[in-house]
Amino acid sequence: MEPESSVQDPEENKYTSVCVGREDDIKKSERMTAVVHDREVVIFYHKGEYHAMDIRCYHSGGPLHLGEIEDFDGRPCIVCPWHKYKITLATGEGLYQSINPKDPSAKPKWCSKGIKQRIHAVSVDNGNIYVTLSREPFRCDSDFYATGDFRVIQSSS
Ligand code: FES
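Each chain has its residues counted from 1, following the order in which its sequence is written. Local features in this predicted model are restricted to residues of pLDDT 70 or higher, and side-chain atom pairs are both shown and tallied only at a pLDDT of 80 or more, whereas totals for entire chains, interfaces and linings draw on every residue. As a convention, hydrogens and water are excluded, and side-chain values are obtained from all of the structure's heavy atoms.

In the annotation of an unreviewed UniProt entry, the entry for the protein reads Rieske domain-containing protein, and the organism field reads Jaculus jaculus. According to its UniProt record, the protein has this under Cofactor (unreviewed entry): "[2Fe-2S] cluster". UniProt positions are given in the numbering used here, feature names are shortened, and annotations may be inferred rather than shown by experiment.

Have a look at this one:
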């Protein structure tokens, strides 16, 4: 028997946008937390731009919504309050400083570990903020703390 075409795939439902709050509110608080299809996210409003990412740090699950935002190498980053890892707001890259041990006079250089924190899409419509979960197929380190046993919010399904 053919499945009814009107029945939506639950996997697809996870990628519908969810209203998380009002633009006026996040502009005042500059951050908010939300649960989007059972995934906890933090949304930052920084210098006129919105950024959403998994709320728990890719390193050990630290609470990124309690971190400070600072620029490193000209890139705005959330600094995890637990061990001070730096994560770019725009891309979710982990940044670190490296130095060439063979050249002690060299200045430390900012480098990227690659994308570590999953970034989600934010849109604004009629004063409401919407988040759409990332469906990028690569495995992100932050997925570990956003799913399975580490997920605080339990699935209602
Ligand atoms: Fe975030 Fe360790 S848990 S830096």
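> Please clarify how the overall build of the protein should be interpreted in this entry.
Helix and strand definitions follow DSSP, with helices as H or I runs of at least four residues and strands as E runs of at least two, each counted in order from the N terminus. On a plain count of helices and strands, the protein comes out with three helices and eleven strands. What makes two residues a contact is simply this: any of their non-hydrogen atoms within 4.5 Å. When contacts within the protein are restricted to residue pairs at least 6 apart in sequence, long-range pairs at least 24 apart make up 46% of them. Where accessible areas are quoted, they stem from the Shrake-Rupley method and a 1.4 Å probe; at the residue level, only the protein chains shown are allowed to cover. With the model as given, the accessible surface of the protein reaches about 9600 Å², and the carbon-plus-sulfur share is 49%.

> Looking at this structure, how should I read the sheet that holds strand S9 (residues 109–115)?
The pairing of strands in a sheet happens through backbone hydrogen bonds and is either parallel or antiparallel. Paired strands are those between which DSSP finds at least two bridges. What the five strands build is an open sheet, ordered S5-S6-S7-S8-S9; its pairing is antiparallel. This sheet does not close on itself; its edge strands, each paired only once, are strand S5 (68–72) and S9. Strand-to-strand twist in this sheet, taken as the mean axis angle between neighbours without regard to direction, amounts to 40°. Sheet topology note: the strand S8 (residues 93–98)/S9 ladder contains five bridges and is antiparallel. Looking at S9, one finds that Tyr-96 is bridged to Cys-111. Between N-to-C directions, angles span 0 to 180 degrees; the directions come from axes that are lines fitted to C-alpha atoms, helices contributing only their stretch in contact.

> What should I look at first to understand the side chain of Glu-93 in this one?
Tracing the backbone through its elements, the reader meets Glu-93 in strand S8. Among all residues touching Glu-93, those that are not within four sequence positions of it are Arg-75, Lys-86, Ile-87, Thr-88, Ser-112, Gly-114, Ile-115 and Lys-116.

> Got a minute to help me understand the environment of Ile-129 in this structure?
Counting through the fold element by element, Ile-129 comes out in strand S11 (residues 128–132). Any residue under 20% of the maximum accessible area for its type is buried, any over 50% is exposed, and the rest in between are partly exposed; the area is computed with a 1.4 Å probe on protein chains only. On the accessibility criterion, Ile-129 (0% relative accessible area) is buried. Separated by 45 residues in sequence, Ile-129 and Lys-84 place their C-alpha atoms 28 Å apart. Sequence-distant contacts of Ile-129, defined by excluding residues within four places in its chain, comprise Val-18, Cys-19, Val-20, Gly-21, Arg-22, Glu-23, Ile-26, Tyr-50, Val-122, Ser-123 and Val-124.

> How should I be thinking about the pairing of strand S2 (residues 31–36) in this particular structure?
On any regular strand, side chains alternate: one points to one face of the sheet, the next to the other face. Only one face of S2 is buried: it carries Met-32, Ala-34 and Val-36, and the other face, with Arg-31, Thr-33 and Val-35, is open. Inspection of the sheet shows S2 paired to strand S3 (residues 39–46) by six bridges, in the antiparallel sense. Counted as the bridge partner of Ala-34 is Val-41 from S3. Counting the residues that bridge the hairpin from S2 to S3 gives two residues, and of these His-37 lies at a positive phi of roughly 50°.

> Just to check I follow, could you spell out the UniProt feature "domain: Rieske" (unreviewed entry) in the protein for this structure?
The feature "domain: Rieske" (unreviewed entry), as given by UniProt, occupies residues 17–131 in the numbering adopted here. In this annotation, residues 17–131 is assigned 6% helix and 54% strand; the end-to-end C-alpha distance for the span is 5 Å.

> What am I meant to see in the pairing of strand S6 (residues 75–79) here?
Judged from the five bridges that link them, S5 and S6 form a sheet pairing that is antiparallel. In the strand pairing of S6, Asp-71 is matched with Pro-76. The hairpin turn running from S5 into S6, its antiparallel successor, is two residues long, and Asp-73 in that turn takes a positive phi close to 55°. In this structure, S6 lies alongside strand S7 (residues 86–88), joined through three bridges in antiparallel fashion. Bridge pairing links Ile-78 to Ile-87 in S7.

> Explanation requested: the environment of Asp-71 in the structure shown.
Among the structural elements, Asp-71 can be located in strand S5. Taking relative accessible area as the criterion, Asp-71 reaches 41% and is therefore assigned partly exposed. For the pair Asp-71 and Lys-86, spaced 15 residues apart in the sequence, the C-alpha separation amounts to 9.4 Å. Leaving out residues up to four positions away in the same chain, Asp-71 has contacts with His-46, Lys-47 and Pro-76.

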